Amino acid sequence: MVELHSAPTDALSIRFSHDIRTLLDAAFGGHFTDEDWAHAIGGMHVWLIGSGGLISHGSLVERTLVCSGQMLDVGYVEAVATAEAHRRKGYGTMVMKHLGELIRERYDLGVLSTGAHSFYEALGWERWRGPTFVSSPRGRERTPEDDGGIMILRTPRSPVVDVVGDIVCDWRVGDVW
Ligand SMILES: CC(C)(COP(=O)(O)OP(=O)(O)OC[C@H]1O[C@@H](n2cnc3c(N)ncnc32)[C@H](O)[C@@H]1OP(=O)(O)O)[C@@H](O)C(=O)NCCC(=O)NCCS
């Protein structure tokens, strides 16, 4: 049997946080960094657990983005992964559907960065087609390597956002998107 759970980072035990990190390290083939982990905590976690342990996980953190000229509180999705042995069974979709519900309840917009567009498109996410930027300590800077990788999920409180406009994320250490 598989169970869906959600909780904020500060409600997770150290041991369970370690289990999530272990899943992410394996799922991203050793490319999941300490900075990526720092980006995945401090908000809500959604996960699926089965008799053999953790199956799938995703995080939701709050960020402030400027999307086609409008400053919005966005639910930013991080650290989405399913253990390799459990992939293509709909588990990642279950986690993302729940994250989507949280985003629709709480935020102006959902945003994430990915190379797996079709996975998210099936869940109602749209590709951002305009140029990407970061609001860095040096001012607004282009992030051309992230163009085409950003996706949004509209919510009942989303204003009209034009996906061919500029999108600007707030600053953080590591991958800004
Ligand atoms: C992406 C990932 C989370 C999907 O998890 P999953 O549990 O296998 O997802 P689902 O079974 O719900 O997949 C549903 C559909 O999404 C699509 N999909 C799955 N993984 C995909 C990927 N990497 N790229 C594009 N589409 C993908 C498939 O169409 C799949 O349907 P299918 O089984 O009929 O082909 C998983 O492959 C994974 O952990 N990958 C490594 C980490 C990663 O890339 N995370 C996302 C980065 S933002």
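No experiment lies behind these values; they were computed from the predicted model shown.

Visitor: Looking at this structure, I do not really get the overall build of the protein. What am I missing?
Guide: Tallying secondary structure elements over the protein gives 4 helices and 10 strands in all. Overall, the protein shows an N-to-C arrangement of helices and strands of β-α-α-β-β-β-α-β-α-β-β-β-β-β. On the principal axes, the C-alpha backbone points of the protein span a range of 45 × 30 × 25 Å. Here the protein holds 177 residues, and the buried ones make up 50% of them. Intrachain contacts of the protein at a sequence separation of at least 6 include 71% that bridge at least 24 residues. Counting every atom, the protein has about 8900 Å² of accessible surface; 51% of that belongs to carbon and sulfur.

Visitor: What am I meant to see in the site of the ligand here?
Guide: By nearness alone, 18 residues border the ligand, and Val80, Arg88, Gly90, Gly92 and Thr93 come closest of all. Arg87 is positioned with one of its side-chain polar atoms (N or O) 3.5 Å from an oxygen atom of the ligand. Take Gly92: an N or O atom from its main chain is 2.8 Å from an oxygen atom of the ligand. For the shell around the ligand, the elements supplying multiple residues, two or more each, are β4 (70-82), α3 (91-106) and α4 (117-121). A breakdown of the residues in the shell around the ligand according to their chemical character gives 8 nonpolar, 7 polar and 3 charged.

Visitor: Mind showing me how you'd approach the pairing of strand β3 (residues 53-67) here?
Guide: It is a general feature of regular strands that their side chains alternate between the two faces of the sheet. Judged by how many residues are buried, β3 sits mostly within the fold: 12 of 15 residues are covered. Taken together, the 7 bridges between strand β2 (residues 44-50) and β3 define a ladder with antiparallel strand orientation. Bridge pairing in β3 places His45 opposite Ser59. A loop of 2 residues connects β2 with β3, the two strands running antiparallel in sequence. Inspection of the sheet shows β3 paired to β4 by 11 bridges, in the antiparallel sense. Bridge pairing links His57 to Ala81 in β4. In this sheet, strand β10 (residues 167-169) lies alongside β3 in antiparallel orientation, the contact comprising 2 bridges. Pairing of Val66 across the sheet is with Val168, part of β10.

Visitor: Explain helix α1 (residues 14-27) to me, please; I cannot follow it from the model alone.
Guide: Given 3.6 residues per turn, any residue in an α-helix points the same way as the ones three and four places further on. Between its terminal C-alpha atoms α1 stretches 20 Å, which fits the 20 Å expected from 14 residues at 1.5 Å a residue. On the buried face of α1, the contacting elements are α2 (34-40), β2, β3 and β4. Just downstream of α1, Gly29 is the residue with a positive phi angle, here 60°.

Visitor: Hey, could you run me through unusual backbone geometry in this one?
Guide: Most peptide bonds take the trans form, and the phi angle of most residues other than glycine is negative. Although it is not a glycine, Ser68 sits at a positive phi angle of roughly 40°. Topologically, Ser68 is positioned in the loop between β3 and β4. The phi angle at Arg88 is positive, at roughly 60°, despite the residue not being glycine. Checked against the element boundaries, Arg88 lands in the loop between β4 and α3. Arg88 gets classed as exposed once you look at its relative accessible area, which sits at 89%.

Cut-offs and rules
Residues numbered from 1 in each chain as written. Predicted model: local features only at pLDDT ≥ 70, side-chain atom pairs only at ≥ 80, totals over all residues. Heavy atoms only, no water. Helix = DSSP H or I, 4+ residues; strand = E, 2+ residues; numbered from the N terminus. Buried < 20%, exposed > 50% of the residue type's maximum accessible area, 1.4 Å probe, protein only. Contact = heavy atoms within 4.5 Å. Areas by Shrake-Rupley, 256 points an atom, 1.4 Å probe, with all protein chains shown as cover. Near = heavy atom within 4 Å. Polar contact = N/O pair within 3.5 Å; in protein donor to acceptor, adjacent residues only side chain to side chain. Nonpolar A, V, L, I, M, F, W, Y, C, P; charged D, E, K, R; others polar. Pairing = 2+ DSSP bridges. Expected span 1.5 Å × (residues − 1).

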